[in-house]
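Observations on the three-dimensional arrangement
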Amino acid sequence: MADTIFVLNGPNLNLLGTREPEIYGSDTLDDIAGQLEDRGRELGLTIDMRQSNHEGHLVDWLQEAQARGAKAVLLNAGAFTHTSLAVYDAIKSIKTPVIEVHLSNPLTREEFRHESYVGRAARGTIAGFGALSYMLALEAAARI
Ligand code: DQA
């Protein structure tokens, strides 16, 4: 599993493509998975893409990433980014590097999005580039 990148997506990201496209773009999560898989193939990396609307699933999957020896996790925790101590603790509890990803740039949006528990624990953050944020995070994951 050392060549596997977990890509974990939190609440409402299953609606990408139709959800506020002026903010999040028109690519669906499946589109993004396809883009990551194509680039992953070139980099010799396997993409394990998941989405859940439930906080505990993200915690379980972060723990699983370490247990299965994943190379890195790309994590777009959606709104849990700004609220979840459980996700923060899970990131702190594993040695697997976690890269925080956002389509939008939360720092240019409402004040309640300015706090990021994920960002306080993650190795680094890529935000504001739409679907490209995931690709840039994959490039980073391949090099760390
Ligand atoms: C998001 C930003 C979050 O503030 C928001 O709650 C999301 C999506 C992004 O990718 O831009 O669900 O994580």
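Structural notes, computed from the coordinates.

Conventions adopted
Residues numbered from 1 in each chain as written. Predicted model: local features only at pLDDT ≥ 70, side-chain atom pairs only at ≥ 80, totals over all residues. Heavy atoms only, no water. Salt bridge = Lys/Arg side-chain N within 4 Å of Asp/Glu carboxyl O. Buried < 20%, exposed > 50% of the residue type's maximum accessible area, 1.4 Å probe, protein only. Near = heavy atom within 4 Å. Polar contact = N/O pair within 3.5 Å; in protein donor to acceptor, adjacent residues only side chain to side chain. Areas by Shrake-Rupley, 256 points an atom, 1.4 Å probe, with all protein chains shown as cover. 1 Å grid on protein atoms, 1.4 Å probe; cavity = no way out; pocket = protein on both sides within 12 Å on 5 of 7 lines; lining within 4 Å. Sits in = over half its atoms within 2 Å of the grid points. Nonpolar A, V, L, I, M, F, W, Y, C, P; charged D, E, K, R; others polar. Core = buried A, V, L, I, M, F, W, Y, C linked by side-chain atoms within 4.5 Å. Helix = DSSP H or I, 4+ residues; strand = E, 2+ residues; numbered from the N terminus. Contact = heavy atoms within 4.5 Å. Points joined across faces, edges and corners; volume = space filled by probe spheres on them. Patch = residues over 30% accessible without salt bridge, like charges linked within 9 Å, V, L, I, M, F, W, Y side chains within 5 Å.

1. Some remarks on the pattern of salt bridges
Across all of its chains, the model carries 10 salt bridges by this definition. A salt bridge links Asp48 to Arg50; the shortest N-O distance between them is 3.0 Å. A single burial state applies to Asp48 and to Arg50, both of which are buried. Residues joined in a network through salt bridges with shared partners are Arg39, Glu42, Glu139 and Arg143.

2. Side note on the site of the ligand
Around the ligand sit Arg19, Tyr24, Asn76, Gly78, Ala79, His82, His102, Leu103, Ser104 and Arg113, and that is every residue in its neighbourhood. The contact in question runs from an oxygen atom of the ligand to an N or O atom on the side chain of Asn76, over 2.7 Å. A distance of 2.9 Å separates an oxygen atom of the ligand from a polar side-chain atom of Arg113. Coverage of the ligand by the protein amounts to 99% of the 320 Å² it exposes when considered alone. When atom positions are compared with the pocket grids, the ligand is found to occupy the largest cavity. Classifying every residue of the shell around the ligand gives three nonpolar, five polar and two charged.

3. A few points about the nonpolar core
Membership of the largest hydrophobic core comes to 22 residues, with the highest contact counts inside it found for Ile5, Leu36, Leu74 and Tyr134. Counting residues per element, this core draws most heavily on helix 6 (residues 132–143), at five residues. Residues within four places of Tyr134 in sequence aside, it is in contact with Val7, Asn9, Leu13, Leu29, Ile32, Leu36, Leu74, Asn76, Val101 and Leu103. Ala65, Leu75, Ala77 and Ile94 belong to the second-largest nonpolar core, a separate cluster that totals 20 residues.

4. Side note on the side chain of His82
Within the fold, His82 resides in the loop between strand 3 (72–76) and helix 4 (85–93). A relative accessible area of 14% places His82 in the buried class. Setting aside residues up to four positions removed in sequence, His82 forms contacts with Pro106, Phe112, Arg113, Glu115 and Tyr117.

5. Some thoughts on empty space enclosed by the protein
Counted under the stated rule, the structure contains one cavity of 30 Å³ or more. In this model, the largest cavity occupies a volume close to 130 Å³. In terms of lining, the largest cavity is formed by 13 residues, of which the most central are Tyr24, Gly78, His102, Ser104 and Arg109. Tallied by class, residues from the lining of the largest cavity come to five nonpolar, five polar and three charged.

6. Side note on a nonpolar patch on the surface
Together, Phe129, Leu132 and Leu136 line one region of the surface with nonpolar side chains, adding up to about 270 Å² of accessible area. Tracing the backbone through its elements, the reader meets Leu136 in helix 6. Owing to a relative accessible area of 33%, Leu136 belongs among the partly exposed residues under this scheme.

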